[in-house]
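So the chains spell out like this:
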Amino acid sequence: MSVGEQAQRQASSKTAAEVRVRVPAKVNAQLAVGAARPDGFHDLANVFLAVGLYDEITVTPAAELRVTCSGPDAGQVPLDATNLAARAAIALAERHGIDPHVHIHIAKDIPVAGGMAGGSADGAGALLACDTLWSLGSSRDELLAICAELGSDVPFSLIGGAALGTGRGEQLTPLDVGGDFHWVFAVAEGGLSTPTVFREFDRLTEGTDVPAPAADPALLDALRTGDVTALAGALANDLQPAALSLRPSLADTLAAGTAAGALAALVSGSGPTTAFLTEDTDTAARVARALLASGTCRTARVAASPAQGATVVRRDA
Ligand code: C5P
C-alpha cells in the first residue's frame, strides 16, 4: 500500500464518504466602480443577488487531487490547479496541515461565459464540501477569509441571498430582499476576461474624476420592498460601457431583450452575459424565447432571485 493510500485509508475512517454542495450563480444589481487602486484592484459598491441557477460540487476521498466536470459547457472548464474548486481544496488543506486528496466533481449548470460567477461558485462550493468531508468544522468567518483569498466574488457565492460588497467586493453586508425577482440571462458566444474589462474601464475613464463608489439608496429600497419597477429603474453597471466597447454586439442582445418586454437590461458583472429583469415568470419565458430567436446569444436561461448560498445537500457516511 502506498503512503498516499495509507493516508487515505486513515483519513476515510473519520471522514464522510461523499459530500455534495449546491451553490448559486449571481447577478450584480448595481456595480459601482471606483478608480484603480495601487494594488491594481478597484474599490467597488457591488450589490450582489444570488439567482437560482446552480452548480453542484461533489467531493469524495481520492488518492490525489482530481477535478472532473459534467454538463453542456463542461468542455470549457479547466480541470487543473487553476480551477477555483481545486484552489479552494488546496487552501483549506494547507491551513489544516492535511493533504488535499479529494476527487471534486462539478455538475455545471451555471453558464460558462462570464458575468455570473460560475467559477467563484465552484470555489465556494468546494470549500464548504471539503470542510464537511474532512469534518473540520471551520467557522463561517474562517471560510469567508479563504474565499476572499480565492477571488473577489467568492465570499458572496458562499453566503448567497443578497449583499453589498465593498472593498474589492469581498467585504459583505447582507441585504434584505422583500420579494422574488424574475430574470433572463442571455449567454454570449465566448467569454470576456475580467481583468481586460477593468483595464478597458480604466482606459475609458482616463483623465476623468472617477467618484468613490457608493450603493444607490433607491436600489436598496427597491430590493427591500420587492418593487420590481423601482429595481428596474435603478439597475446600473459601471463596467457596461467597457464590456460594450470590447464586445459591441452585446448592444444587440440588450436591445432584443428590451424589445421583447424586459423591464430593464444590463451587462451582468464584467460580461459577456447580459441580464434582463422581467415582471413575472411568464414574461421571463417570453423574453427568453425572443432572445433565442433573435440569434444574438448562444442560449437564454430563466432564473429567480434571491437564492440560497452554498448549501450541503447530501452527506453520506
Ligand atoms: O478577485 P478576482 O480574482 O476575481 O479578480 C480578477 C481580476 O479582476 C483582478 O485581477 C483585477 O484585474 C480585476 N478586479 C479589479 N477590481 C476588483 C475585482 C477584480 O480590478 N474589485
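Small disclaimer: the values here were computed from a predicted structure and weren't measured.

Thresholds, definitions, all that
Residues numbered from 1 in each chain as written. Predicted model: local features only at pLDDT ≥ 70, side-chain atom pairs only at ≥ 80, totals over all residues. Heavy atoms only, no water. Near = heavy atom within 4 Å. Polar contact = N/O pair within 3.5 Å; in protein donor to acceptor, adjacent residues only side chain to side chain. Areas by Shrake-Rupley, 256 points an atom, 1.4 Å probe, with all protein chains shown as cover. Helix = DSSP H or I, 4+ residues; strand = E, 2+ residues; numbered from the N terminus. Nonpolar A, V, L, I, M, F, W, Y, C, P; charged D, E, K, R; others polar. Domains from an automatic or database assignment. Buried < 20%, exposed > 50% of the residue type's maximum accessible area, 1.4 Å probe, protein only. Arc of directions from axis to C-beta. Contact = heavy atoms within 4.5 Å.

Enquirer: Quick question: what am I supposed to make of the site of the ligand here?
Expert: Near the ligand the following residues occur: G40, F41, H42, L44, G151, S152, R168, T194, P195 and F198. Between the ligand and S152, the relevant distance is 2.6 Å, taken from an oxygen atom to a side-chain nitrogen or oxygen of the residue. The protein chains hide 72% of the 450 Å² of surface that the ligand would expose on its own. A total of three residues in the shell around the ligand trace back to one element, the largest contributor, which is helix α6 (residues 194-205). Of the residues in the shell around the ligand, the class split is four nonpolar, five polar and one charged. Residues from two domains meet in the shell around the ligand; each of domain 1 (3-174) and domain 2 (181-305) gives at least three.

Enquirer: Could you clarify how one ought to interpret helix α7 (residues 217-225) in this entry?
Expert: In an α-helix there are 3.6 residues to a turn, and that puts residues three or four apart on one side. Along α7, the positions that sit buried rather than exposed are L219, A222 and L223. In an axial view of α7, the angular spread of the buried residues amounts to 100°, which keeps them on one side of the axis. Relative to its buried face, α7 has exposed residues pointing more than 90 degrees away, namely P217 and T225. Against the buried residues of α7 lie β1 (18-36), β2 (42-61), β7 (181-187) and α8 (228-234). One side-chain oxygen at the N-terminal end of α7 lies 2.9 Å from the backbone nitrogen of A218; it belongs to D216. Residue G226 follows α7 closely and has a positive phi angle near 70°.

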